[in-house]
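Survey of secondary and tertiary structure
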Amino acid sequence: MITCIFEKGYQAKLRHVVVHAIVEMDGKLLLEKRTGDLLESGKWSLPAGFLERDETASQGVLRELKEETGWEGEIISLFRINTKPDRPHEDRQNVAIDFLIKPIRKTGAGDHESSKIEWIAIEKLLPLSEFAFDHGESIGYYLNYRKKHFSLPIID
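Below you will find a few notes about this structure. This one's a predicted model, so the numbers in the text were calculated from it and none came from an experiment. (Residues numbered from 1 in each chain as written. Predicted model: local features only at pLDDT ≥ 70, side-chain atom pairs only at ≥ 80, totals over all residues. Heavy atoms only, no water.)

A word on the environment of Ala-12. Residue placement: Ala-12 occurs in strand β2 (residues 11-14). Accessibility expressed as a relative area gives 15% for Ala-12, which makes it buried. When the C-alpha atoms of Ala-12 and Ser-115 are compared, they prove to be 36 Å apart, with 103 residues separating the residues in sequence. (Helix = DSSP H or I, 4+ residues; strand = E, 2+ residues; numbered from the N terminus. Buried < 20%, exposed > 50% of the residue type's maximum accessible area, 1.4 Å probe, protein only.)

Okay, structure coming up:
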């Protein structure tokens, strides 16, 4: 949570914004295994991270994708806006914005936040409940979307 001070000294606790990249190529999703002292360390996740102060959500998701995986991408669509205040395993209760991303090219390596970066075949994914945070829920929505397209974005 972020504590902000408004006019006349009023304080409010606000949530951070995070961005998630859903990247598919040849029936495989680009995933990373979280490492170090990060929350949910050791679990697989979508490429994701905090939105910085002076960037748009679109800029942020492409930055996080490149920083964490070494992949450059192009936004296909806004996919989901998750504003649920009870997101699992969160200490900050973030608002998450998910994007569908087309991979363009690999230009580098992932950063220190991932111990592995892999393209994992959709039919070989872990149970969705085993992903970090609620990334499995986003992946589940995406798998349903692949079967039968529906109106985007999902807002919950």
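As enumerated under the stated definition, the model contains five aromatic pairs in all. Measuring from centroid to centroid gives 6.0 Å for Phe-6 and Tyr-10, while their planes differ by 35°, and the two rings are tilted. Each ring, one from Tyr-145 and one from Phe-150, has its centre 5.2 Å from the other, and the planes form 80°; the classification is edge-to-face. Taking relative accessible area as the criterion, Tyr-145 reaches 12% and is therefore assigned buried. Grouped by ring-pair contacts, the aromatic residues Phe-79, Tyr-142, Tyr-145 and Phe-150 constitute a single cluster. (Phe/Tyr/Trp six-rings, centres within 6.5 Å; stacked < 30°, edge-to-face > 60°.)

On to the side chain of Arg-63, then. Locating Arg-63 in the fold gives a position in helix α1 (residues 57-69). Judged by relative accessible area, Arg-63 falls into the buried class, the value being 17%. Residue contacts for Arg-63: discarding those within four places in its chain leaves Phe-50, Leu-51, Glu-52 and Glu-55. (Contact = heavy atoms within 4.5 Å.)

Everything listed here is a matter of coordinates, which is why it stays silent on function.
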